[in-house]
Amino acid sequence: MNAVGVGIDLVEVARVIQMLEQHADRAVERLLTDGEREYCFAQARPAVHIAARLAAKEAAFKALSPSGETAYLPWREFEVIRAPDGVPSLRLHGKARETAGRLKVASTMVSLTHTQEHAAAVVILLAE
C-alpha cells in the first residue's frame, strides 16, 4: 500500500467547551454524526472527545486536499468510528467518499490523542 494523503490537526478543548456552551444543539448537529454524538456524550468529558473527532475530520480534509476537490466537504461526511477494541478509524460519506474513490483510497489510518487542554489527530490515506 502507498500513502496518497496525510493530514494532522490540533484542537483546543476550551474552544469546544465554549462552542457547546453557546451553540450546543446546532453545532453538534452540524459537526457530528449520530454515532459520534452518542459516543462523545456517553463520556465523562464530552468536549475532549468531540475535540478529538474535530481534529480527525480536519486532518482527513487535509489528507484529501491534494486532489484539489475539497473546496467544500461537510463535517458530517467524515465520521470517526471505533472498533470493538477501541481502535479508531474513519468512515467517509458523500463527496468525501467520492473524492477518496478517485484517489483510489483503500483504507485509512487514524491516530487520536488528547490531554485536558488539547486534542490531536493524524490521518493517513492508503491506496493499493
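Residues numbered from 1 in each chain as written. Predicted model: local features only at pLDDT ≥ 70, side-chain atom pairs only at ≥ 80, totals over all residues. Heavy atoms only, no water.

### A short note on the packing of helix α1 (residues 13–31) against helix α3 (residues 46–64)
And then number 1: Between α1 and α3, the shortest axis-to-axis distance is 10 Å and the interhelical angle comes to 75 degrees. When the axes of α1 and α3 are compared, the pair comes out roughly perpendicular. Across the interface between the two elements, Val 13, Val 16, Ile 17, Leu 20 and Leu 31 of α1 pack against Ala 47, Val 48, Ile 50, Ala 51, Leu 54 and Lys 57 of α3.
And then number 2: Of the residues that constitute the contact of α1 with α3, the class distribution is ten nonpolar, no polar and one charged. (Axes fitted to C-alpha atoms, helices over the stretch in contact; angles between N-to-C directions. Helix = DSSP H or I, 4+ residues; strand = E, 2+ residues; numbered from the N terminus. Parallel < 35°, antiparallel > 145°, perpendicular 65-115°, else oblique. Contact = heavy atoms within 4.5 Å. Nonpolar A, V, L, I, M, F, W, Y, C, P; charged D, E, K, R; others polar.)

### Here we look at the environment of Met 1
And then number 1: On the secondary structure map, Met 1 appears in the segment before β1 (2–12).
And then number 2: Spatially, the C-alpha atom of Met 1 lies 6.0 Å from that of Leu 126, the residues being 125 residues apart in sequence.
And then number 3: When near neighbours in sequence (up to four residues on either side) are disregarded, Met 1 contacts Ala 106, Ser 107, Leu 126, Ala 127 and Glu 128.

### A short note on α1
And then number 1: The terminal C-alpha atoms of α1, which comprises 19 residues, lie only 15 Å apart, well short of the 27 Å expected from a rise of 1.5 Å per residue.
And then number 2: Considering bend angle alone, the principal kink of α1 is centred on His 23 and spans about 115 degrees.
And then number 3: Contacts made by the buried residues of α1 are with β1, α2 (34–41), α3 and β5 (118–127). (Expected span 1.5 Å × (residues − 1). Bend = angle between axes of the 7 residues up to and from the residue.)

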